[in-house]
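Remarks on the overall topology
Listed here are the chains, written in short residue letters.
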Amino acid sequence: MKKTIQIPLGSQHISLLEPIRFKFECENEKIIGVDADVGFVHRGVELACTRSFEFKQVGYVVARVCGLCAITHSLSYTLAVEKLLGYEANDRIKYLRMLMVELDRIHSHMLCLAHTAENAGFEALFMQIMGDRELIMDVQEAISGNRVQFDYISIGGVNRDMTPELTALIHKNLRLLSDKIDALIGLFDNNWSLSLKYKGVGVLSLKDAYTYNALGPLARAAGLATDVRAETNDFPYETLGYQMILESSGDIHARNFVRLREIVNSMEICRNIIDNLPVGEIQEKAKGKPNGEAVVRVEAPRGELFYLVRGNGQNMLERVRIKTPTFSAIPAMMEVFKGSEYADAPAILASFDPCMSCTAK
Amino acid sequence: MFRSMLEAFLNLFRPIRTHRYPAEEITLPTGYRGLIEYGKEACIFCDKCEKVCPPGAILFYQHEDGDKEYRYNPWLCIYCGECVRACPKPQEALWQSETKQHSAVKEEGVNEGWFVWEAACKESREEYARAKKAGKIQNKSEE
């Protein structure tokens, strides 16, 4: 007689934000095998970039890959094209771009924390974190003029400049948020019922993280020191107070903590950027047409985002390849599911911060 | 537990975070990226905005007498402002306002109407080019 039962999770499920299907092979409550299908929201962005849009327009197309990390997508594409055009942005442009990416990281991490709380059964905490997240969303809206689709970065610079009112708003909101993050750190660390759901659950060991190529907060929670911000020198992160955040236990609690501490670090970076903003033009001419091949890596909120752009000196690009961090995290996620309780599956899933529209593109 | 109950009690007197959206208007921040607006008098019909527009929300219809007509689809527009940056006469011919476009309703025929217009614009151009070419040939043969 067969000892195991199959439980499907998805493609539509109360704990899922986006369509993904898991097929869990369970033995009583333990998950012993898992099968995932992630291609429900495939939109053919890569092909559209090479067939329907010219290279100057593609920056706005790739921003639509994902609503949360829109800015990182357009930034990576823009950097790749600028490499091909042989153009290097001045310091002011770099700083403004960095500011948006760091703000993006803060609100993306807060969203993930909120969903981890919700999927572990803490609706009120979800509401509270999402409410606090509005502070950052307001700042981003004021800077870029739109709440979700920022369209802030274009080839050769950024589209809007910083004003004194914006600087004051950013300082005010970061100060307000700072207290709330401190309270959250206390809550996630000391609350007894949260620790039941998080501590020792969904452990990804350092060896597994290495084998399954985990990246971003996921890998750093397991103690694997990987961060594109420290590895590349496209942006002056080191001078602006960047720190590598590492935890060692690799469970959901560690992932939450990496995210919380990264929020604190990102707020520090944002303040430094605002205080030390260099003078300069915000939009420069980048002439020519992309010819050749360029590879760019940028640290998105969820890990390393990889772009390959190949052009042949014409308006249409030959190839745009996007490798998103969420896609790369799936093997590690499947490994973590094995051996854990079925009831923990939603919380584990949320702690990996999955984004299906990124994954399937 | 007592602290959480106290918090829950105090929450009764704290300000509400959400908006009563349809009942109350949402205040847009200054510098909100809104509708693209057009001034016909200043336009020189260089078609630059049409070429750079990522979704193709700006089209020019070619009349037979050589005039061009501007047409803009606010529901297709992504409000990136690329057309305004490409415009040789920004603020006079093309500018970005802070007004928000209302949601489309069925009567406006957003999809079908625009597809018809798109096809008509393309056809008008081709016809105009053909007529121009034919005219040139005729002129040459007369010479």
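Residues numbered from 1 in each chain as written. Chains lettered and ligands numbered in written order. Predicted model: local features only at pLDDT ≥ 70, side-chain atom pairs only at ≥ 80, totals over all residues. Heavy atoms only, no water.

**Digging into the sheet that holds strand β8 (residues 317-323) of chain A**
Residue and element names in this part refer to chain A. Spatially, three strands are ordered β6-β7-β8 in an open sheet, and the strand pairing comes out antiparallel. Each edge of the open sheet is held by one strand with a lone partner, namely β6 (291-300) and β8. When strand polarity is set aside, the average angle formed by the axes of neighbouring strands in this sheet is 10°. The pairing of β6 with strand β7 (residues 303-312) spans ten bridges and is classified as antiparallel. Note on β7: the bridge partner recorded for Gly292 is Gly311. The strands touched by helix α3 (residues 70-85) are β6, β7 and β8; relative to β6, the strand with the most contacts, the crossing angle is about 150°. (Pairing = 2+ DSSP bridges. Helix = DSSP H or I, 4+ residues; strand = E, 2+ residues; numbered from the N terminus. Axes fitted to C-alpha atoms, helices over the stretch in contact; angles between N-to-C directions. Contact = heavy atoms within 4.5 Å.)

**Side note on the confidence of the model for chain B**
Per-chain confidence: chain B averages 81 in pLDDT, with 99% of residues scoring 70 or above. Averaged pLDDT values for the elements of chain B fall to 80 in helix α4 (residues 110-142) of chain B and rise to 84 in helix α3 (residues 82-86) of chain B. (pLDDT = per-residue confidence, 0-100.)

**A few points about the packing of aromatic side chains**
All names here are of chain B. Tallied over the entire structure, the rule returns eleven aromatic pairs over all chains. Ring plane angle 75° and centroid distance 6.0 Å describe the contact between Phe45 and Phe60, whose orientation is recorded as edge-to-face. Taken together, the positions of Phe45 in the loop between β1 (36-38) and α2 (48-52) and Phe60 in strand β2 (residues 58-62) put the pair 15 residues apart, joining distant regions of the chain. Owing to a relative accessible area of 27%, Phe45 belongs among the partly exposed residues under this scheme. (Phe/Tyr/Trp six-rings, centres within 6.5 Å; stacked < 30°, edge-to-face > 60°. Buried < 20%, exposed > 50% of the residue type's maximum accessible area, 1.4 Å probe, protein only.)

**Concerning the sheet that holds strand β1 (residues 5-9) of chain A**
Residues and elements named next belong to chain A. Strand order in the open sheet made by the three strands is β1-β2-β3, with antiparallel pairing throughout. Two strands in the sheet have a free side with no partner beyond their single neighbour: β1 and β3 (30-37). Strand after strand, the sheet turns through a mean of 25° between neighbouring axes, direction not considered. Two elements, β1 and strand β2 (residues 21-27), share five bridges in a ladder whose sense is antiparallel. Paired with Ile7 across the two strands is Phe24, which belongs to β2. In the packing of helix α13 (residues 330-337) onto the sheet, contacts are made with β2 and β3, and the angle to β3 comes to roughly 155°.

**Details of the layout of surface pockets**
Of the pockets and cavities examined, the largest pocket occupies roughly 2100 Å³. Met127, Gln128, Gly131 and Asp132 of chain A together with Arg17 of chain B are the residues nearest the centre of the largest pocket, which is lined by 44 residues in total. When contributions to the lining of the largest pocket are tallied by element, the ones reaching two or more residues are α5 (123-144), α6 (164-190) and α7 (192-198) of chain A together with α1 (2-10) of chain B. If you tally residues by element for the lining of the largest pocket, the top one is α5 of chain A, at 13 residues. (1 Å grid on protein atoms, 1.4 Å probe; cavity = no way out; pocket = protein on both sides within 12 Å on 5 of 7 lines; lining within 4 Å. Points joined across faces, edges and corners; volume = space filled by probe spheres on them.)

**With respect to the interface of chain B and chain A**
Taken together, the contact pairs 13 residues of chain B with 18 residues of chain A. Roughly 1300 Å² of surface becomes buried between chain B and chain A when both sides are summed, with 41% attributable to carbon and sulfur atoms. When the buried area of chain B at its contact with chain A is split by residue, Arg17, Arg33 and Pro54 of chain B rank highest and sum to 42% of it. Here Asp151 of chain A ties to Arg33 of chain B by a salt bridge, and the two come within 3.4 Å at their closest N and O atoms. Mapped onto the side of chain B that touches chain A, the elements with two or more residues apiece are α2 and α3 of chain B. (Buried area = accessible area lost by both parts, 1.4 Å probe. Salt bridge = Lys/Arg side-chain N within 4 Å of Asp/Glu carboxyl O.)

**Observations regarding the pattern of salt bridges**
Between side chains of opposite charge, pairing is possible as soon as their charged atoms come close. Residues and elements named next belong to chain A. Applying the stated criterion to the full structure yields 27 salt bridges over all chains. With a shortest N-O distance of 3.6 Å, Arg229 and Glu102 are connected by a salt bridge. Pair noted here: Arg229 is in helix α10 (residues 228-231) and Glu102 is in helix α4 (residues 91-119), with a separation of 127 residues, a long-range link. With respect to burial, Arg229 and Glu102 carry one shared label: buried. Lys180 is the salt-bridge partner of Asp132, the closest N and O atoms lying 3.6 Å from each other. Note that Asp132 is positioned in helix α5 and Lys180 in helix α6, a separation of 48 residues in sequence. Given the relative accessible area of 2%, Asp132 is considered buried. Taking the relative accessible area as the measure of exposure, Lys180 reaches 30% and is therefore partly exposed. Shared partners join several salt bridges into a network, and the residues in it are Glu102, Arg105, Arg220, Asp227, Arg229, Glu262 and Glu299.

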